[in-house]
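Structural overview
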Amino acid sequence: MPKLAIYPGSFDPVTNGHVDIIVRGLKIFDHIIVCILNNPAKKVLFTVEERMDMLASSLNGLKNIEIASFDGLLVDYAVQRQANAILRGMRAVSDFEYEFQMALMNRRLNRNIQTVFLMTGLRWIFTSSSIIKEAARFGGNINGMVPKIVQRNLKQKFSTPDT
Ligand code: COA
């Protein structure tokens, strides 16, 4: 049976840290579905369609990847897609409690789905979509932290229209 994982997240927007997890995840799983889900605690900058486009363009060229979105519980989506696992990246220690809580809740909701954690690459330990958005908002240099298309879209979002 092929090993299929869901890599869920807000991806608002996708960063090079996410791409790193996906590339490394492909060494473990036969197929990865990168799925945009709703985190009710977050106010997002990009629409689901914009986020999907950025993911598709950033992962262009990678085989055995699918981009999706789902409005509902992650474990329900995993069942629907017959996925064996949820893939998550773990950054600094500060991620641990939140990730642990989410993995245990998902396990309680469905014991057949395993959460697999990959340590985030050292280069990306202290990056996050929010901190990148903040830097971009004030014109900071985010070169190398996000795919080119994300850099362009952030610049566009934060550019002040001419009056
Ligand atoms: N490199 C860089 N940054 C990374 C990273 C990596 N490898 N991995 C995670 N991050 C950052 C993200 O950029 C994001 O930054 P932000 O908080 O500034 O936006 C942060 O870590 C965590 O984001 P993400 O991995 O996208 O997860 P999330 O917490 O936004 O989303 C969901 C969590 C969407 C998966 C979760 O809310 C969910 O499953 N929702 C559906 C409902 C559900 O089933 N809930 C769970 C059970 S009740």
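Residues numbered from 1 in each chain as written. Predicted model: local features only at pLDDT ≥ 70, side-chain atom pairs only at ≥ 80, totals over all residues. Heavy atoms only, no water.

With the rule as written, the count across this model stands at 3 aromatic pairs. For the ring pair Tyr7 and Phe11, a centre distance of 5.4 Å and an interplane angle of 65° mean the geometry is edge-to-face. Like Phe11, Tyr7 is buried. Summarising the aromatic geometry, the rings of Phe96 and Phe100 are spaced 5.1 Å apart at their centres and angled 20° between planes, so their arrangement reads as stacked. Of the two residues, Phe96 and Phe100 are both situated in helix 4 (residues 96–109); the distance of 4 residues between them amounts to about one turn of the helix. On the basis of relative accessible area, Phe96 is assigned to the partly exposed category, the value being 44%. Phe100 gets classed as partly exposed once you look at its relative accessible area, which sits at 44%. (Phe/Tyr/Trp six-rings, centres within 6.5 Å; stacked < 30°, edge-to-face > 60°. Buried < 20%, exposed > 50% of the residue type's maximum accessible area, 1.4 Å probe, protein only. Helix = DSSP H or I, 4+ residues; strand = E, 2+ residues; numbered from the N terminus.)

Attention now moves to the nonpolar core. Counting residues in hydrophobic clusters, the biggest one holds 27 residues, and the most contacted among them are Tyr7, Val34, Leu87 and Leu154. Looking at this core, the elements with two or more residues in it are strand 1 (4–9), helix 1 (16–25), strand 2 (31–36), helix 2 (48–58), strand 4 (85–90), helix 5 (129–137) and helix 6 (148–158). Tallying contributions element by element places helix 6 first for this core, with 4 residues. What Leu87 contacts, discounting residues up to four positions off in sequence, is Ala5, Ile6, Tyr7, Pro8, Ile21, Gly25, Phe29, Ile32, Val116 and Leu118. (Core = buried A, V, L, I, M, F, W, Y, C linked by side-chain atoms within 4.5 Å. Contact = heavy atoms within 4.5 Å.)

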